[in-house]
Amino acid sequence: MKQFLNKNTPYLFISPALFLLLLFSLLPILLAFVISFTDIDLVGLADYSKINFVGVDNYVNIMQDPVFLKSIFNTLFYVVIGVPLVIICSLGIALMINFSQAKIFQFFRLIFYTPSITNVVAVAVVWSYLYNPRFGLLNYLLSFLDLGPIPWLQDPTIAKLSLIILAVWRAIGVNMIIFLAALQGIPREYYEAASLDGANSRQQLFKITVPMLRFAIFFVTVTTMIGWLQFFEEPFVMTEGGPLDSTNSVALFIYQNGFQLSKFGYAAAGSFILFIAIIIITIIQFRIQRKNNDGDI
């Protein structure tokens, strides 16, 4: 008995966490997968006998749904523009804070981190007023430059860019902290040796700093891309997917069909398509990173 306990002690310690993971993560995923093959709605929730098995019809129909296809395009638009902007901006700010001698940059750490811990709904509501085409602050400031009012949330393309600006502003803080932690882990001796060899600041940046940050950059890239693939709060609060579904994301499409139209099976099918897409993209990123690491070796 004692030998059995000694051998299985680690499993006893992690069993509560595994149980919670199974109960609140894996089990709901399994149930959602089963639901995606049915036509369950509010009537089906009240009477299970009204639930019918429809096979892969939900998946076939959703891949032919023009709104869903447009949501995929919008989500890819958010990812392609938003992810590089977040990485570049957060890394640039982290570099300024880390290497600058001015104490004002230490205060910038608080300024840029604050949006990340602010309630997203409150922030989105405030930015909706800033974007207002008639009395918004942004158009008011542009009027001093003799520039006409910009339809920030009314034009299909500009609306997507407006949401990206807000999301980038919110995402900079957390990633900046990650980059700062990685920068402070780089030994100063590397920079001192490079300076003695005559390397300037630009050479030190691209030959020392960026290579030493490759794991932090990879982590930020993966987590940021997953977050943008699930882009939801900003379009939900500010545009509700409009105008003309131009800001509708896949996550918002799932919410609309599941909680507004009560098409739970249809929404579950969309959620699993998004789930599979995230897994595939993440695996590709890990394989690319592994090949880069093997090449360095």
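Residues numbered from 1 in each chain as written. Predicted model: local features only at pLDDT ≥ 70, side-chain atom pairs only at ≥ 80, totals over all residues. Heavy atoms only, no water.

### Observations concerning the layout of surface pockets
The rolling of a water-molecule-sized probe over the atoms marks out the regions of remaining empty space. As a reminder of what qualifies: A pocket, in this scheme, is an open set of points on a 1 Å grid over the protein atoms alone with protein on both sides within 12 Å along at least 5 of 7 lines, while a cavity is a set where a 1.4 Å probe fits but cannot get out; residues line either one if an atom lies within 4 Å of a point. Grid points are joined across faces, edges and corners, and a volume is the space filled by probe spheres set on the points. Runs of H or I in DSSP of at least four residues are treated as helices and runs of E of at least two as strands, each being numbered from the N terminus. Think of it as three bins: nonpolar holds Ala, Val, Leu, Ile, Met, Phe, Trp, Tyr, Cys and Pro, charged holds Asp, Glu, Lys and Arg, and polar takes everything else, Gly as well.
Empty space within the largest pocket amounts to approximately 540 Å³. Looking at the largest pocket, it is lined by 21 residues, and the ones nearest its centre are Ala 32, Ile 254, Ala 267, Ser 271 and Phe 272. Breaking the lining of the largest pocket down by element, the ones donating at least two residues are α1 (2-35), α13 (250-260) and α14 (264-296). Broken down by element, the lining of the largest pocket gets its largest block of residues, nine residues, from α14. Residue classes in the lining of the largest pocket are distributed as 18 nonpolar, three polar and no charged. Size it by volume and the second largest pocket reaches roughly 390 Å³. Along the walls of the second largest pocket sit 17 residues, with Arg 170, Ala 171, Asn 175, Gly 227 and Trp 228 positioned nearest its centre.

### Describing the packing of helix α8 (residues 156-184) against helix α11 (residues 214-229)
Spelled out, the test is: Between N-to-C directions, angles cover 0 to 180 degrees, with each direction set by a line fitted to C-alpha atoms, over the stretch in contact for helices. Comment on the angle field: the value is read as roughly parallel under 35 degrees, roughly antiparallel over 145, roughly perpendicular from 65 to 115, and oblique elsewhere. Two helices crossing with the near one rotated counterclockwise from the far one by less than a right angle form a left-handed crossing, whereas a clockwise rotation gives a right-handed crossing. Two residues form a contact once any of their heavy atoms are found within 4.5 Å.
Direction vectors running N to C along α8 and α11 enclose 155°, while the axes themselves pass 11 Å from each other. The angle between α8 and α11 places the two elements in the roughly antiparallel class. The interaxial crossing formed by α8 with α11 has right-handed handedness. Between α8, through Ile 164, Ala 167, Val 168, Asn 175, Ile 178, Phe 179 and Ala 182, and α11, the contact on the second element is made entirely by Ala 216, Ile 217, Phe 219, Val 220, Thr 224 and Trp 228. A per-class count over the contact of α8 with α11 returns 11 nonpolar, two polar and no charged.

### A few points about the side chain of Ser 246
Which entries qualify depends on this criterion: Here's how the labels work: a residue is buried when its accessible area is under 20% of the maximum for its type, exposed when over 50%, partly exposed in between, all with a 1.4 Å probe on protein chains only.
Here Ser 246 shows up in the loop between α12 (233-238) and α13. Classification of Ser 246 by relative accessible area gives buried; the value is 2%. Ignoring any residue separated from it by four or fewer positions in sequence, one finds Ser 246 in contact with Lys 70, Asn 74, Tyr 78, Pro 156, Lys 160 and Gly 241.

### With respect to the UniProt feature "domain: ABC transmembrane type-1" (unreviewed entry) in the protein chain
Rule in force here: UniProt positions are given in the numbering used here, feature names are shortened, and annotations may be inferred rather than shown by experiment.
Summarizing the sequence annotation, UniProt attributes the feature "domain: ABC transmembrane type-1" (unreviewed entry) to residues 72-285 in the numbering used throughout. For residues 72-285, the helix share is 75%, the strand share is 0%, and the end-to-end C-alpha distance is 20 Å.

### Focus on the side chain of Gln 285
Relative to the elements of secondary structure, Gln 285 occurs in helix α14. Those residues in contact with Gln 285 that lie beyond four places of it in its chain are Phe 218, Thr 221, Val 222 and Met 225.

### Structural notes on unusual backbone geometry
Here the bond from Gly 242 into Pro 243 is cis, since omega is -5°, no more than 30 degrees from zero. Mapped onto the secondary structure, Pro 243 falls in the loop between α12 and α13. Non-glycine residue Glu 240 carries a positive phi angle of around 55°. Summarising the element assignment, Glu 240 is placed in the loop between α12 and α13. Assessed through its relative accessible area of 61%, Glu 240 is described here as exposed. Despite not being glycine, Ser 262 shows a phi value in the positive range, around 60°.

### Regarding the packing of aromatic side chains
Definition in use: Working definition: rings of Phe, Tyr and Trp (its six-membered ring) pair if their centres are within 6.5 Å, and the pair is stacked with planes under 30 degrees apart, edge-to-face with planes over 60 apart, and tilted otherwise.
Taken as a whole and judged by the stated rule, the model has 19 aromatic pairs. Judged by centre distance (5.0 Å) and plane angle (85°), the rings of Phe 33 and Phe 37 are edge-to-face. A relative accessible area of 37% places Phe 33 in the partly exposed class. Owing to a relative accessible area of 18%, Phe 37 belongs among the buried residues under this scheme. Between Phe 37 and Tyr 59 the ring centres are 5.5 Å apart and the planes differ by 45°, which places this aromatic pair in the tilted class. With Phe 37 in the loop between α1 and α2 (42-46) and Tyr 59 in helix α3 (residues 57-63), this residue pair connects regions lying 22 residues apart in the sequence. By relative accessible area, Tyr 59 is classed as buried at 18%. A connected cluster of aromatic rings, assembled from ring pairs, spans Phe 33, Phe 37, Phe 53, Tyr 59, Phe 272 and Phe 275.

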